[in-house]
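One-letter residues, chain by chain:
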Amino acid sequence: MTSRTGFFVLSGVLLLVALVCVGEGVQLIATGKPLGIGLGLCAFVVPPIGVWFLRQTVRFGRASERLARELEAEGGLPVDELKRTAGGRIDRDSADAVFARRKAEAEASPGDWRVFFRLAVAYADAGDTPRARKTMQHAIRLHSTTEPARSTA
């Protein structure tokens, strides 16, 4: 199963759980008991939070895909130069070497979204998903702040 398929399956499950949660909340409020009403109201809070997280994830995915397409059109996508084990896993030393180079590039060009995109890929290759996501978000912010200047020229 691809990650995109998994995302859609989990999104569907999240929306189904949200509907069930709202239905249970209605039933709890209908009991008329103070505890039931309190739990029912809490059941109405959970679905919007889940839907908000889903929306943020979709926005992040679309924005990072947009950056990848733009970088690909420029010929600037990072080349896979990582060594792999016989089982196909990324060699840790190879990932660390590429990461060090990408980090130096980002420090040399702190305002260029392209180097932060490539740094995010290096973080992901090194297995540091939280930092990869945070760095990609930084690249997206940099891209959105430089985009109006490019379109007016």
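The structure displayed is predicted, hence computed values, not measured ones.

Reading guide: rules and limits
Residues numbered from 1 in each chain as written. Predicted model: local features only at pLDDT ≥ 70, side-chain atom pairs only at ≥ 80, totals over all residues. Heavy atoms only, no water. Axes fitted to C-alpha atoms, helices over the stretch in contact; angles between N-to-C directions. Helix = DSSP H or I, 4+ residues; strand = E, 2+ residues; numbered from the N terminus. Parallel < 35°, antiparallel > 145°, perpendicular 65-115°, else oblique. Left-handed = near helix turned anticlockwise from the far one by under 90°. Contact = heavy atoms within 4.5 Å. Nonpolar A, V, L, I, M, F, W, Y, C, P; charged D, E, K, R; others polar. Disulfide = S-S within 2.5 Å. Phe/Tyr/Trp six-rings, centres within 6.5 Å; stacked < 30°, edge-to-face > 60°. Buried < 20%, exposed > 50% of the residue type's maximum accessible area, 1.4 Å probe, protein only. Expected span 1.5 Å × (residues − 1). Polar contact = N/O pair within 3.5 Å; in protein donor to acceptor, adjacent residues only side chain to side chain. Salt bridge = Lys/Arg side-chain N within 4 Å of Asp/Glu carboxyl O.

Novice: Please give an account of the packing of helix H3 (residues 92-108) against helix H4 (residues 113-125) that cites residues and values.
Specialist: At a closest axis distance of 9 Å, the pairing of H3 and H4 adopts a crossing angle of 155°. Regarding the angle of H3 to H4, the classification is roughly antiparallel. The element H3 and its partner H4 pack so that their crossing is left-handed. Where H3 abuts H4, its residues Ala 95, Phe 99, Arg 102, Lys 103, Glu 105 and Ala 106 lie against Val 115, Phe 116, Arg 118, Leu 119, Ala 122, Tyr 123 and Asp 125. Its residues placed into classes, the contact of H3 with H4 shows eight nonpolar, no polar and five charged.

Novice: Now, about the state of the cysteines: what can you tell me, with residues and values included?
Specialist: For the structure on display, the rule yields zero disulfides. With no disulfide of its own, Cys 42 has Cys 21 as its nearest cysteine by sulfur position, at a separation of 9.6 Å.

Novice: Quick one: what's the story with the packing of aromatic side chains, residue by residue and with numbers?
Specialist: Scanning the entire structure with this criterion turns up three aromatic pairs. Aromatic side chains Phe 7 and Phe 8 sit 5.6 Å apart centroid to centroid with 65° between the ring planes, which places their arrangement in the edge-to-face category. The class of Phe 7 is partly exposed, set by a relative accessible area of 26%. On the basis of relative accessible area, Phe 8 is assigned to the exposed category, the value being 53%. When the ring of Trp 52 is compared with that of Phe 53, the centres are 5.0 Å apart and the planes differ by 75°; the resulting orientation is edge-to-face.

Novice: Residue-level account of H4, with values.
Specialist: When the terminal C-alpha atoms of H4 are compared, their 18 Å separation across 13 residues agrees well with the 18 Å that a helix rising 1.5 Å per residue should span. Within H4 the residues assigned to the buried category are Trp 113, Val 115, Phe 116, Phe 117, Arg 118, Leu 119, Ala 120, Ala 122 and Tyr 123. The N-cap of H4, judged by a side-chain oxygen 3.1 Å from the amide nitrogen of Arg 114 a few residues on, is Asp 112. Trailing H4 by a residue or two, Gly 127 shows a phi angle of about 90°, which is positive.

Novice: Got a sec to walk through the pattern of salt bridges? Specific residues and values, please.
Specialist: For the coordinates displayed, the defined rule picks out nine salt bridges. With a shortest N-O distance of 2.5 Å, Asp 80 and Arg 84 are connected by a salt bridge. Taking relative accessible area as the criterion, Asp 80 reaches 49% and is therefore assigned partly exposed. One salt bridge connects Asp 96 with Arg 92, and the closest N-O pair in it is separated by 3.8 Å. Taken as a pair, Asp 96 and Arg 92 lie in helix H3 at a separation of four residues, close to a single helical turn. Taking relative accessible area as the criterion, Asp 96 reaches 33% and is therefore assigned partly exposed. What emerges from the salt-bridge pattern is a single network uniting Glu 81, Arg 101, Arg 102 and Glu 105.

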